[in-house]
Amino acid sequence: MNKLKIILLVNLVCLIHYCTWFTSLNKLETLVKQSPQDPVLHFRLGNAYYKKSILDETSYDKDLLNKALAEYKLVTKLEPQFARAFGKIGLIQRDLGKYEEAKKNLLKALKIDPKLKEEAKALAVIYYNEGVQAINSSNYTLGMQKFEQVLKLKPDFTKAQKNLAIAYYNLG
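Please read these numbers as outputs of a predicted model, since none were measured by experiment.

Asker: Would you mind going over the packing of aromatic side chains in detail, with residue names and values included?
Answerer: Taken as a whole, this structure holds four aromatic pairs when the rule is applied. Seen from their ring centres, Y128 and F147 are 5.7 Å apart, and the 55 degrees between their planes marks the pair as tilted. Of the two residues, Y128 is situated in helix 6 (residues 117-136) and F147 in helix 7 (residues 140-153); the sequence distance between them amounts to 19 residues. On the basis of an interplanar angle of 25 degrees and a centroid distance of 5.0 Å, the ring pair of Y128 and F157 is categorised as stacked. One end of the pair, Y128, is in helix 6; the other, F157, is in the loop between helix 7 and helix 8 (158-171), and 29 residues separate them in sequence.

Asker: I'd like a rundown of the environment of K108, residues and numbers included.
Answerer: Note on placement: K108 falls in helix 5 (residues 99-112). You can call K108 partly exposed: its relative accessible area is 42%. Spatially, the C-alpha atom of K108 lies 7.3 Å from that of A83, the residues being 25 residues apart in sequence.

Asker: I'd like a description of the confidence of the model for the chain, backed by residues and values.
Answerer: The pLDDT averaged across the chain works out to 88; a share of 87% of its residues lies at or above 70. Mean pLDDT values for the elements of the chain range from 60 in helix 1 (residues 3-34) up to 98 in helix 5. The model gives residues 6-22 a pLDDT under 50, and that stretch makes four contacts with residues more than four places away or in other chains.

Asker: Describe the packing of helix 6 against helix 8, listing the residues and the values that go with them.
Answerer: Running from N to C, helix 6 and helix 8 cross one another at 30 degrees; their axes reach a closest spacing of 11 Å. One element, helix 6, and the other, helix 8, form an angle in the roughly parallel class. At the point where helix 6 passes helix 8, the crossing takes the left-handed sense. On helix 8, the residues touching Y128, V132 and I135 of helix 6 are K159, A160, N163 and A167. Among the residues making up the contact of helix 6 with helix 8, the classes are represented as five nonpolar, one polar and one charged.

Asker: Explain the nonpolar core to me, using residue names and the numbers behind them.
Answerer: One finds Y50, Y72, I92, V150, F157 and A160 to be the most contacted residues of the largest nonpolar core, which totals 44 residues. Secondary-structure elements contributing two or more residues to this core are helix 1, helix 2 (39-53), helix 3 (62-78), helix 4 (83-95), helix 5, helix 6, helix 7 and helix 8. Per-element accounting of this core gives the leading share, eight residues, to helix 6.

Criteria and thresholds
Residues numbered from 1 in each chain as written. Predicted model: local features only at pLDDT ≥ 70, side-chain atom pairs only at ≥ 80, totals over all residues. Heavy atoms only, no water. Phe/Tyr/Trp six-rings, centres within 6.5 Å; stacked < 30°, edge-to-face > 60°. Helix = DSSP H or I, 4+ residues; strand = E, 2+ residues; numbered from the N terminus. Buried < 20%, exposed > 50% of the residue type's maximum accessible area, 1.4 Å probe, protein only. pLDDT = per-residue confidence, 0-100. Contact = heavy atoms within 4.5 Å. Axes fitted to C-alpha atoms, helices over the stretch in contact; angles between N-to-C directions. Parallel < 35°, antiparallel > 145°, perpendicular 65-115°, else oblique. Left-handed = near helix turned anticlockwise from the far one by under 90°. Nonpolar A, V, L, I, M, F, W, Y, C, P; charged D, E, K, R; others polar. Core = buried A, V, L, I, M, F, W, Y, C linked by side-chain atoms within 4.5 Å.

Okay, structure coming up:
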């Protein structure tokens, strides 16, 4: 098969995928309008916006990200014990660089459901970064506290283990 045929085939597959996604997003929006009190539908719509907002590993479509955030916040109002919604709010806040808000929502999610792995990992990474900043500022006590928080969430986080050892060493 020549290059032109391959390119056309790839473009056709992408177009079909986009149209299918767009149609399913439209269907979700319609269903939410029909059942505005259904937290599961709002959660799924939030997931669709969130997934579509990811442009690549480090950039997001902020409008879609904010739509996802609004859906997840509505879910928590409709169903205050919906742990995954709090988790998604925390993940989005992390993506937006709002780490203090992210920590609060990730903690809420984990308090409701301690088995949420993605949320625990995200919170551990935030604590880890705070620990590294503390160590780099020679605040070994704070660094030690942050790395201990990391290890409560992710006991196998080897970089946190090593940095905790550095903090202990520097504290004497």
